[in-house]
Amino acid sequence: MLERIQDALQEQQVAITEKILASRGTSLKEVKAKLSTFRVEIPSWGFGRSGTRYATYIDGTEAASPREKLALAGLCQRLTGCTPAVALIFPWDGDDYDLIRKCLKEEGLQAGAVNPSSFLPRPGPLDYRLKWGSLTNPVPEVRRAYIQHALDCLGIMRYLDSKTLTVWLHDGTNSPGQLSLLEQTRLLDEGAQPIYDALRPHESILIEYKFFEPAFYATAIADWGRSYALCQRLGDRARVLVDLGHHPLGTNVEQIVANLQYFGKLGGFHLNDRKYADDDLTTGSVDPFQLFRIFNVLVEAEFRGLQKVNNVVFMIDESHYLKDPLEEMLEAVDSIQRAYVQALAVDRTRWADAQKEGDAEAGDQVLKSAFFDTPATTILQSARLERGYPADPLQEYRFKYKASAKRLSVA
Ligand SMILES: [Mn+2]
């Protein structure tokens, strides 16, 4: 009896949803079709335990080896059907590339973007001297060694069937006298060139920017302008990576996204949320409306024929010292899909009319209505069930898998 009432209620909800979407110029079928091809990469580093600046609180349940991390990534994909690729970082993910390839295959996953790390000291020329940077290091031997590391990562990328190299440099200075700003700019442009030149036609490089940390005076790639200039100089296959937390507070991130798309230089995202600086909090946990505004630009860019949403690389980049890493990942995926659904439900005709009339109030009502009044939960649950995935992946994990999570993480 109860089940029948629930089914009837669900049917009613779906019928209302159909009506709402129709009134906005789209349909449930169309939104579900978009959702079914939408992909988010999850990072191997997102399954370890992150720390604060003061300590890392290991409780023994976190995944440590690549095998353990990829097992959780596999579970994430089985629960969401939306995360088939895993972004990797070297040398953090070790040097057993055969094992990584084997584990990816066993879990039904693909390799996502490959990240060379510029910041981890290791034996050889990339030792403690990395504290002066990688490509902008004053020591030529260190610069050459970092370029070689990036080229080695291109080799790993090909071995794992990935097509994207993602570069973030920790380079920067901590005081005005440390390095000439003109020299820093020259070293960056010159150092990045041989890495770009080694790319094959179907491969691309995404260049991430961040305005401070670990350097506190002048970061080598501090903002989207510097990343854009570098990509422009390198060539077509170099594009900008936007990490949502890497901006000064108050920055209009969706406007940066729009500009990059207009100029054909948006490569992808590192998705997370923040309150103060590069906080790496769960995507959509602090400001879901910003996430919606960004997706609104992405959907509009596709609508205008500028760039398809599926040609943007979406990667989660969060750290967590409190939440269960997989729960956090599932929460993030849900928030990202939700923002996409809300953006798909923006009434494009009504919004365009409001803009032509100069009616800011009507325009805002169109966006607010898409954000607040779209039955996103019904849409997401119905789309997931239709594809054979749990309606609520986070609850499914908490109540069906969590008891065995420890076993999974030490398998
Ligand atoms: Mn990032």
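Residues numbered from 1 in each chain as written. Predicted model: local features only at pLDDT ≥ 70, side-chain atom pairs only at ≥ 80, totals over all residues.

### Regarding the overall build of the protein chain
What counts is decided by this rule: The helix count covers DSSP runs of H or I at least four residues long, the strand count covers runs of E at least two residues long, and both are numbered beginning at the N terminus. In this treatment the radius of gyration is a C-alpha quantity, and the globule benchmark scales as 2.2 Å times the residue count to the 0.38 power. The exposure scheme places C-beta atoms from the backbone and then counts, for each residue, the other C-beta atoms within 10 Å of its own, assigning buried at 20 or more, exposed at 12 or fewer, and partly exposed in between. Any residue pair is listed as a contact if its two C-beta atoms, each placed from the backbone, are within 7 Å.
Counting its regular elements, the protein chain contains 15 helices and ten strands. Relative to the compact-globule value of 22 Å for 411 residues, the protein chain shows a C-alpha radius of gyration of 22 Å, a close match. When burial is assessed residue by residue, the protein chain has 43% of its 411 residues classed as buried. Contacts spanning at least 24 positions in sequence make up 76% of the contacts within the protein chain whose residues lie at least 6 apart.

### Quick word on the pairing of strand 4 (residues 164–167)
Which entries qualify depends on this criterion: For two strands to be treated as a pair, DSSP must find at least two bridges joining them.
Residues Thr-164 and Thr-166 line one face of strand 4 and the alternating positions Leu-165 and Val-167 line the opposite face, and both faces are buried. Two strands pair when backbone bridges link them, and strand 4 and strand 6 (residues 204–208) are joined in this way by four bridges, in the parallel orientation. In the sheet register, Leu-165 faces strand 6, and the bridge partner there is Ile-205.

### A few points about the nonpolar core
Note that soluble globular proteins tend to have their nonpolar side chains buried in a common cluster. To keep things clear, this is the line we draw: A set of buried Ala, Val, Leu, Ile, Met, Phe, Trp, Tyr and Cys residues, joined to one another through C-beta atoms within 7 Å, is what we call a nonpolar core.
Counting 102 residues, the largest nonpolar core has Cys-76, Val-114, Ile-207, Val-240, Phe-295, Val-341 and Ala-343 as its most contacted members. Element by element, the count of residues in this core is highest for helix 10 (residues 325–344), at eleven residues. Every residue in contact with Ile-207, bar those within four places of it in the chain, is listed here: Val-167, Ile-221, Ser-227, Leu-230, Cys-231, Ala-238, Val-240 and Leu-241.

### A look at the pairing of strand 8 (residues 238–243)
Cut-off, in case you're wondering: When the strands point away from the viewer and the path from the first strand over the helix to the second turns clockwise, the crossover is right-handed.
Summarising burial for strand 8: six of the six residues are buried, a large majority. Sheet topology note: the strand 8/strand 9 (residues 266–271) ladder contains four bridges and is parallel. Considered in strand 9, the bridge of Val-240 is made with Leu-266. Regarding topology, helix 8 (residues 253–262) serves as the crossover connection from strand 8 to the parallel strand 9, and that connection is right-handed.

### Some remarks on helix 10
Side chains of residues three or four places apart in an α-helix project in the same direction, reflecting 3.6 residues per turn. Under the convention used in this document: Take the number of residues in a helix, subtract one, and multiply by 1.5 Å to get its expected span.
Between the first and last C-alpha of helix 10 there are 29 Å, a value that for 20 residues agrees with the 28 Å anticipated at 1.5 Å per step. Most of helix 10 is tucked away, with 17 of its 20 residues classed as buried.

### As for unusual backbone geometry
Look at the link from Phe-90 to Pro-91: it is a cis peptide, with omega at 10 degrees. Positionally, Pro-91 belongs in the loop between strand 2 (85–90) and helix 4 (97–106). Here the amide bond leading from Glu-213 into Pro-214 is cis, since omega sits at 10 degrees, within 30 degrees of zero. Even without being a glycine, Glu-213 presents a positive backbone phi close to 80 degrees. Of note, Glu-213 is situated in the loop between strand 6 and strand 7 (218–219). Within the chain, Asp-280 stands out as a residue other than glycine whose phi angle is a positive 55 degrees. The topology assignment puts Asp-280 in the loop between strand 9 and helix 9 (288–303).

### Quick notes on the packing of helix 2 (residues 28–36) against helix 10
What counts, and what does not: Only the stretch in contact is used when a helix axis is fitted, and all axes are lines through C-alpha atoms; the angle between N-to-C directions ranges over 0 to 180 degrees. By definition, any crossing whose near helix is turned counterclockwise from its far helix by less than a right angle is left-handed, and any crossing with a clockwise turn is right-handed. Classification convention: Asp, Glu, Lys, Arg as charged; Ala, Val, Leu, Ile, Met, Phe, Trp, Tyr, Cys, Pro as nonpolar; all other residues, Gly among them, as polar.
Viewed as axis vectors pointing N to C, helix 2 and helix 10 meet at an angle of 145 degrees, and their least axial separation amounts to 10 Å. The way helix 2 lies across helix 10 gives a crossing that is right-handed. Between helix 2, through Val-31, Lys-34 and Leu-35, and helix 10, the contact on the second element is made entirely by Gln-337, Val-341 and Leu-344. Of the residues contributing to the contact of helix 2 with helix 10, the split by class is four nonpolar, one polar and one charged.

### Quick notes on the environment of Ala-150
Inspection of the secondary structure assignment puts Ala-150 in helix 5 (residues 140–159). On the basis of neighbour count, Ala-150 is assigned to the buried category, with 25 C-beta atoms found within 10 Å. For the pair Ala-150 and Ala-192, spaced 42 residues apart in sequence, the C-alpha to C-alpha distance is 9.6 Å. Setting aside chain neighbours within four positions, we find Ala-150 in contact with Pro-116 and Ile-195.

### Some words on the packing of helix 3 (residues 66–80) against helix 14 (residues 393–401)
The test is simple: Working rule for angles: under 35 degrees goes down as roughly parallel, over 145 as roughly antiparallel, 65 to 115 as roughly perpendicular, anything else as oblique.
Interaxial distance between helix 3 and helix 14 falls to 9 Å at its minimum, and their mutual angle equals 120 degrees. Here helix 3 lies oblique to helix 14, going by the angle between them. As for how helix 3 packs across helix 14, the hand of that crossing is right-handed. Contacts from Leu-75, Leu-79 and Thr-80 in helix 3 reach Pro-393, Glu-396, Tyr-397 and Tyr-401 in helix 14. Here the contact of helix 3 with helix 14 is built from residues that sort into five nonpolar, one polar and one charged.

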